[in-house]
Amino acid sequence: MVKRRTQKGEEPELISLDDALYKIQNRFSFAPRIVKVSVQDSVGRITAEALYSPLTIPSVHLSAMDGIAVKEHDTIGATDKTPVRLTDFVLVNTGNVIPPEYNAVIKIEDTEENNGSYIIRTSASPWQHIRPIGEDISRSEMVLPRYSQISAPDIGAMISYGITEVPVLDLKVALISTGSEIISIGSMPRADQVIESNMHMAAAMIRSVGASVTNFPIVVDNIDEIRNMITIAAEDHDLILISGGSSKGTMDYTSQVIDTLGTVFVHGIAIKPAKQLILGDINQKVVIGMPGYPVAFYTVLREIVQPILEWYGFPFSYPDTVSAYLTQSIRSSFGLDEFILAIIGKVQDNWVATPLSNKSGVQMNLVRSNAYLKVPSDTEEVEKGTRLPTTLRVQKEIAEQTVLVTGSHDLAIDYLADLAREEGILIASSHVGSMNGLLTLQEGYCHLAPMHLLADDGEYNIPYLRQYIPKKDLVLISVAERMQGVVSRDVLGFDAITTHTFINRQNGSGTRMLLDHLLHENNIRPEDVDGYDQEVSTHYGVCLAVQNGDADIGMTIYGAARAFSLPFIPLALERYELVTTKELFEEDWRIRKIVELINSKRFKEILTHLGGYEMEFTGTIRECTKKRYTGKKIL
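None of these values were measured; they are calculated from a predicted model. (Residues numbered from 1 in each chain as written. Predicted model: local features only at pLDDT ≥ 70, side-chain atom pairs only at ≥ 80, totals over all residues. Heavy atoms only, no water.)

Draft legend 1. Region of the structure containing the packing of aromatic side chains. Under the counting rule described, the total for this entry stands at nine aromatic pairs. Note on tyrosine 325 and tyrosine 445: the rings are 6.2 Å apart at their centroids and 20° apart in plane angle, and the pair reads as stacked. Of the two residues, tyrosine 325 is situated in strand 24 (residues 321-326) and tyrosine 445 in the loop between helix 10 (434-442) and strand 33 (449-451); the sequence distance between them amounts to 120 residues. For tyrosine 325, a relative accessible area of 23% translates into the label partly exposed. A residue is classified by how much of its surface remains accessible, and tyrosine 445, at 12% relative accessible area, is buried. Taking 5.5 Å as the distance between ring centres and 75° as the angle between the ring planes, the aromatic pair formed by tyrosine 558 and phenylalanine 568 counts as edge-to-face. Of this pair, tyrosine 558 sits in helix 14 (residues 558-563) while phenylalanine 568 is found in strand 38 (residues 568-581), placing the two residues 10 residues apart along the sequence. Residue tyrosine 558 is classed as partly exposed on the basis of its relative accessible area of 31%. One aromatic cluster is present, formed by Phe28, Phe30, Phe265, Trp311 and Tyr312 through successive ring pairs. Lying over the aromatic face of tyrosine 372, arginine 302 brings its terminal NZ or CZ to 3.7 Å of the ring centre. One Lys or Arg, arginine 575, reaches over the ring of phenylalanine 617 and ends 4.5 Å from the middle of that ring. (Phe/Tyr/Trp six-rings, centres within 6.5 Å; stacked < 30°, edge-to-face > 60°. Helix = DSSP H or I, 4+ residues; strand = E, 2+ residues; numbered from the N terminus. Buried < 20%, exposed > 50% of the residue type's maximum accessible area, 1.4 Å probe, protein only. Lys NZ or Arg CZ within 6 Å of the ring centre and 35° of its normal.)

Draft legend 2. Expanded view of the pairing of strand 34 (residues 474-488). In terms of burial, strand 34 is a largely internal element, 14 of the 15 residues being buried. Pairing of strand 34 with strand 38 involves 13 bridges; the strand directions are antiparallel. Paired with leucine 474 across the bridge in strand 38 is threonine 581. Bridge count for strand 34 against strand 40 (residues 621-624) is four bridges, and the pairing is antiparallel. Across the sheet, valine 475 pairs through a bridge with glutamate 623, a residue of strand 40. Strand direction decides the pairing type here: strand 34 and strand 39 (residues 613-614), joined by two bridges, are antiparallel. Looking at strand 39, one finds that arginine 482 is bridged to tyrosine 613. Pairing geometry for strand 34 and strand 37 (residues 553-557), over five bridges, is antiparallel. Within strand 37, the residue paired with serine 488 across the bridge is isoleucine 553. (Pairing = 2+ DSSP bridges.)

Draft legend 3. Structural detail: the sheet that holds strand 6 (residues 67-70). Taken in spatial order, the three strands line up as 8-6-9 in an open sheet, and their pairing is antiparallel. Strands with a single pairing partner mark the edges of an open sheet, and in this sheet they are strand 8 (90-92) and strand 9 (104-107). The mean inter-strand angle of the sheet, taken between neighbouring strand axes irrespective of direction, is 35°. Pairing of strand 6 with strand 8 involves three bridges; the strand directions are antiparallel. Each residue of the ladder has a partner; that of isoleucine 68, found in strand 8, is leucine 91. (Axes fitted to C-alpha atoms, helices over the stretch in contact; angles between N-to-C directions.)

Draft legend 4. Main features of the environment of glutamate 338. Within the secondary structure, glutamate 338 is located in strand 26 (residues 337-347). In this structure the C-alpha to C-alpha distance between glutamate 338 and valine 295, which are 43 residues apart in sequence, comes to 12 Å. Contact partners of glutamate 338, with chain neighbours within four places excluded, come to Lys272, Arg331, Ser332, Ser333, Asn358, Leu373, Lys374 and Val375. Within polar-contact distance, the side chain of glutamate 338 engages the backbone nitrogen of serine 333 at 3.2 Å. (Contact = heavy atoms within 4.5 Å. Polar contact = N/O pair within 3.5 Å; in protein donor to acceptor, adjacent residues only side chain to side chain.)

Draft legend 5. Quick look at the environment of proline 100. With respect to the secondary-structure elements, proline 100 resides in the loop between strand 8 and strand 9. Each C-alpha atom, one on proline 100 and one on glutamate 614, is 81 Å from the other, the two residues being 514 residues apart in sequence.

Draft legend 6. Structural detail: the confidence of the model for the chain. Residues with a pLDDT of 70 or more make up 96% of the chain, whose mean pLDDT is 92. Long-range and interchain partners of residues 1-11, a stretch whose pLDDT sits below 50, account for 19 contacts in this model, where long-range means more than four residues apart. (pLDDT = per-residue confidence, 0-100.)

Draft legend 7. Spatial organisation of the sheet that holds strand 11 (residues 117-120). Taken together, three strands build an open sheet; the order of strands is 7-11-10 and the sheet is antiparallel. Each edge of the open sheet carries a strand with a single partner, namely strand 7 (84-86) and strand 10 (111-114). In this sheet, neighbouring strand axes are inclined to one another by 30° on average, regardless of whether the strands run parallel or antiparallel. As paired strands, strand 10 and strand 11 are joined by four bridges and run antiparallel to one another. Bridge assignment links glutamate 112 to a residue of strand 11, and that residue is isoleucine 119.

Take a look at the structure:
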């Protein structure tokens, strides 16, 4: 148990995840239904009992070749020097029945026809080129054992063996979404509305292992309507999942309704996200009140719903776990087991993992991530560079092929990643700014670091590489020169930075460093800029803040401003390059293929379409060679 305190006093005890699973497993019987379905409709379902063939296949001896059926003893002694003439034979094609008196087939190309007889030069062995009775399967032989997930080849085999119906496990899962702000798929949401997606995610997972799903209509925040819907679901379903209403706000009725219809035996689990989870029992049926935020909802699916389905007999494949170096430090909530989505890849021989934001509402992190980490409840911080067990969300072979691109954000990288997919290359991007990307490359935690860092002498990138990665030979791959400028709603220029609210990029980004350079040139102090400390991590974030009125101006690239149809005033043309080590460049074919893609006509057409890019240097290679060092001084 974990106790958590607030200024108002002590909260109810939070049960651990392991204890919650133990309570569930020991409270319910987990006896699945058994139904019969047609073989044609059984793919993905789980067999409830062993299946046996009612037929013997083949039921007679069949020819496996086009040729002649013969008696094996008639062919004894046939050689090139002593050919044998056969007069007792039957012409057969592949699949023909072999008459009982014959026990071998000679391929037609191994014979010579001669006046109605055949000459052979190689003797035959008994049952040569014959499919014997029962070669495929014998009557009463097992086709599939119980608890097998039926595949497409299984269906073909069962039909061939005369099986028409299959007894399969069945579990009826009710999915209920609650919330007055939730609307159904296909509708266009207002600013205060959200399209319901959680239950479609749940349905996909549940159906993938052969269980059945009923997706009930969305219920508004009304206690009577929620009670009526759960009552209906409990009549004919084995497991009930309720999205939304699991917290303790004034409109969160799920716990109250479950307690009136049955029992709430857990409300609150010591995990993050999804702490405010409800576990209930209505007529010996598991009821789970789940958080509405997608990442928290998915965490419950993976950590609680999946084990329940397995106890019912519906199997999941177990993902691989690897030991990976963290590219960023993690601050965790003491007292809670925290699950954090991550991007993982292999740089040379080392697995490295970049933690993503743990905000439960950032659904794209479920798409971007290919792994997740668990930080135990007794840990408050895990330092950068620590090796931590990391669970893959994809096959290990796929994770090994991921190219980690860590550094400055640019729209072109997304399009480059799309082109790379056609070449079998998976690019995973982390937007941490040019400076942090450079440091990540220096530590060996990424393959490519996008950067656009302007030095005092007007040179881009190389002065910073010489300063921060002096002991490695580096290669710079030019993506393009891109236009940076001021974005606004009212065609404002840089001179408005002290008279209007500003939205900034994060510290360490190339855009932030260009801003600081321009402020210095114009004798403007950062504290004179209203919003200097308000940061976002992408160019899209800048444009969204301006479009929504959270700021009047910001600095971004032309392509982002154009995507949001916002006015843009150019300020500087900067060199945007991908940096890697010379060793990786020479040894990793994927990086050289990425260079080919950058040089391709298709990629240059994409840059033209996006706008704001100069392509004179696109695809060109620069080298930054290491210097000999003593201490910190270059000799």
